[in-house]
Amino acid sequence: MDSTDPRLRDSSPRSQIVHNKARREKPSEYPDRYPVPDDKVPWNCEFPGYRPPYYVSPIVLANDCSKNPNGWADPEDIVLLPLIPKESFAGVLSQDKAGRPLNPQGRTGVSGRGLLGKWGPNFAADPIITRINKESGLMEMLAIQRKDNGQWAIPGGMVDKGEEVSRTLSRELQEETGVVLPMDQGRMVYQGYVDDPRNTDHAWMETTAKHLHLSGELSERMNLQAGDDAQAVRWLPLTQESMLGLYASHCALIIKTLSGMVHNNPFALSVKELETMANLLDTVENERNSCS
Ligand code: BGC
C-alpha cells in the first residue's frame with residue numbers, strides 16, 4: 001500500500017476490550033451490581049467492604065447437570081464439578097476461597113453465575129462477514145437483529161459441548177442468517193475475554209472471532225434468512241452510529257476487524273477505501289473514549 005496517511009501504517013492495536021459493561025450494565029433479572037470503582041476492579045486491590053449480591057438464574061438452576069441429565073449448566077455446588085477451569089483464553093485463572101474461578105478482568109459487583117451456565121469461562125464464537133457495497137462505497141457487515149433486545153449484532157452464539165470452534169462459527173452463521181461459508185478459512189480477529197453485561201465475578205464470556213471479507217458479487221448471490229435468535233438479518237452499513245449501537249462488545253470486535261484491514265490490507269482495498277475506513281475508526285474511537 002502506498003500512502004502518506006500515517007493512520008494506514010500504524011500497526012498498534014486500535015482497541016482494548018475493557019471491563020465496563022460487566023460493572024455498569026446487567027440483564028433486568030439481575031440484582032443491582034455492587035458499585036466497583038475503577039481503582040477497586042483488580043482482585044489484588046484491597047476492597048474490604050465489597051459485598052456483591054449472589055445471583056444464579058432459575059433457568060441455570062433448572063439445567064444443573066447434576067440434577068437434570070439433559071441440563072447444559074454446571075452443578076450449582078462447585079464441589080460436584082469434575083474439573084474446575086484453571087485457565088482460559090485470558091490466561092491462568094485464580095480462585096476464591098470456595099474454589100470458584102475468579103473473573104480475570106476483576107470485580108463485577110455480582111457473584112455466582114447469573115445467566116451463564118459454566119463456572120469460569122463460557123465460550124462463544126463470532127463469525128464476522130464484511131463486504132463493500134458497490135453503490136454506496138460503504139463497508140457493510142452481515143448482522144442480525146437480536147430478538148432479546150432489538151440490537152444489531154454479529155451472528156454469533158455459544159460453542160456446544162465438545163464442538164470445534166470453527167464448526168460453531170459456520171453453524172451459528174448458517175442458523176442465524178441462512179448463509180453457508182467456510183469459517184475455518186477466516187482470519188482470526190480476536191480470542192479472549194468479552195465485556196458482556198451477563199458477566200459476574202465467577203462466570204464470564206470469552207469468544208473467538210474470525211473474519212471473512214466477500215466480494216460484492218458473491219455477497220449479492222447470497223440469500224439471507226433470519227433464523228433462531230434473529231428477528232431480522234441484513235447487510236448493515238458500518239457508520240459511527242451503527243457501530244456504537246452494536247450488541248455487547250461487538251463494536252470493539254468490528255474495530256479490530258477494520259483495523260486489521262487498514263493496517264495489513266489483506267484484501268487489496270483501494271487507498272480511498274482504506275482512508276474512509278481509517279476516518280470511520282477515528283470517529284468511532286473518539287466517541288467511545290469520550291463516553292468512558
Ligand atoms: C453472543 C456472541 C457474543 C457473546 C459475548 C453470545 O451470547 O452470541 O455474539 O460475542 O455472547 O457477548
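Details of the structure are given in the entry above.
Structural notes, computed from the coordinates. (Residues numbered from 1 in each chain as written. Predicted model: local features only at pLDDT ≥ 70, side-chain atom pairs only at ≥ 80, totals over all residues. Heavy atoms only, no water.)

**Re the overall build of the protein chain**
Basically, it comes down to this: Under the scheme used here, helices are H or I runs from DSSP no shorter than 4 residues and strands are E runs no shorter than 2 residues, and both carry numbers assigned from the N terminus. Here the radius of gyration uses the C-alpha set of atoms, whereas the globule reference equals 2.2 Å times the residue count to the power 0.38. Accessibility here uses a 1.4 Å probe with only protein chains present; expressed as a share of the type maximum, an area under 20% marks a residue as buried, one over 50% as exposed, and anything in between as partly exposed. Residue contacts are counted whenever heavy atoms from the two residues lie within 4.5 Å of one another.
Secondary structure assignment for the protein chain yields seven helices and 11 strands. For 292 residues, the compact-globule formula gives about 19 Å, and the C-alpha radius of gyration of the protein chain, at 20 Å, lands near that figure. Projected onto its principal axes, the C-alpha coordinates of the protein chain cover approximately 55 × 40 × 30 Å. Per-residue burial for the protein chain yields a buried fraction of 51% across its 292 residues. When contacts within the protein chain are restricted to residue pairs at least 6 apart in sequence, those whose partners lie at least 24 apart make up 68%.

**Remarks on the site of the ligand**
Quick reminder of the rule: Proximity criterion: a residue is near a molecule or strand once any of its heavy atoms comes within 4 Å of it. We define a polar contact as two N or O atoms separated by no more than 3.5 Å, with the added condition that, inside protein, one atom must be a possible hydrogen donor and the other a possible acceptor, whereas residues neighbouring each other in sequence contribute only through side-chain atom pairs. Every accessible area reported is derived by Shrake-Rupley at a probe size of 1.4 Å, with residue values counting cover from the shown protein chains alone.
Residues in contact with the ligand, as listed here, are Ala-124, Asp-126, Arg-146, Gly-156, Gly-157, Val-194, Asp-196, Arg-198, Met-205, Ala-248 and His-250. For the ligand, an oxygen atom lies 3.2 Å from a polar atom in the backbone of Gly-156. The separation between an oxygen atom of the ligand and a polar side-chain atom of Asp-196 is 2.5 Å. Coverage of the ligand by the protein chains reaches 96% of its 310 Å² of free accessible surface.

**Some words on helix α6 (residues 250-264)**
Which entries qualify depends on this criterion: The span one expects for a helix is its residue count, reduced by one, times 1.5 Å.
An ideal rise of 1.5 Å per residue puts 21 Å on 15 residues; α6 measures up with 21 Å between its terminal C-alpha atoms. Of all 15 residues in α6, 13 are buried, a share of seventy percent or more. A positive phi of about 40° marks Asn-265, the residue just after α6.

**Description of the packing of aromatic side chains**
As a reminder of what qualifies: Think of it this way: a Phe, Tyr or Trp ring, Trp meaning its six-membered ring, pairs with another when their centres are within 6.5 Å, and the plane angle makes it stacked under 30 degrees, edge-to-face over 60, tilted otherwise. Charges are assigned to positions over rings by a cutoff of 6 Å between ring centre and Lys NZ or Arg CZ, combined with an angular limit of 35 degrees from the ring normal.
Tallied over the full model, the rule gives six aromatic pairs. With centroids separated by 5.3 Å and ring planes inclined at 25°, the aromatic side chains of Phe-47 and Tyr-50 adopt a geometry described as stacked. Classification of Tyr-50 by relative accessible area gives buried; the value is 12%. Ring geometry for Phe-89 against Phe-123: centres 5.2 Å apart, planes inclined by 70°, an arrangement best described as edge-to-face. With Phe-89 in the loop between β2 (87-88) and β3 (91-92) and Phe-123 in strand β5 (residues 120-132), the pair connects residues that are 34 residues apart, well separated along the chain. Look at Phe-123 and you get partly exposed, because its relative accessible area is 32%. Joined through ring pairs, the aromatic side chains of Tyr-34, Trp-43, Phe-47 and Tyr-50 make up one cluster. One residue, Arg-146, lies across the ring of Tyr-247, its end atom 3.9 Å from the ring centre. Its end group placed over the ring of Trp-152, Arg-234 keeps NZ or CZ at 5.8 Å from the ring centre.

**Considerations on the side chain of Asn-133**
Considering the arrangement of structural elements, one finds Asn-133 in the loop between β5 and β6 (139-146). Judged by relative accessible area, Asn-133 falls into the buried class, the value being 18%. Here Glu-140 takes part through its side chain, which lies 2.9 Å from a polar atom of the side chain of Asn-133. With near-sequence residues (within four places) excluded, Asn-133 lies in contact with Leu-138 and Glu-140.

**Some details on the nonpolar core**
Put simply, the rule is: Each nonpolar core is a collection of buried residues, namely Ala, Val, Leu, Ile, Met, Phe, Trp, Tyr and Cys, held together in the definition by side-chain atoms within 4.5 Å.
Residues Met-139, Met-141, Leu-238, Met-243, Ile-254, Leu-258 and Met-277 are the most contacted members of the largest nonpolar core, which totals 31 residues. The set of elements that each furnish at least two residues to this core consists of β5, β6, β9 (187-194), β10 (203-213), α6 and α7 (271-291). Here this core takes seven residues from α6, the largest share from any one element. The contacts of Leu-258, once residues within four sequence positions are left out, are Met-139, Leu-238, Met-243, Met-277, Leu-280 and Leu-281. Ranked by size, the runner-up nonpolar core spans 18 residues in total, among them Ala-125, Leu-142, Val-179 and Leu-181.

These results come straight from atomic positions and should not be treated as a statement about function.
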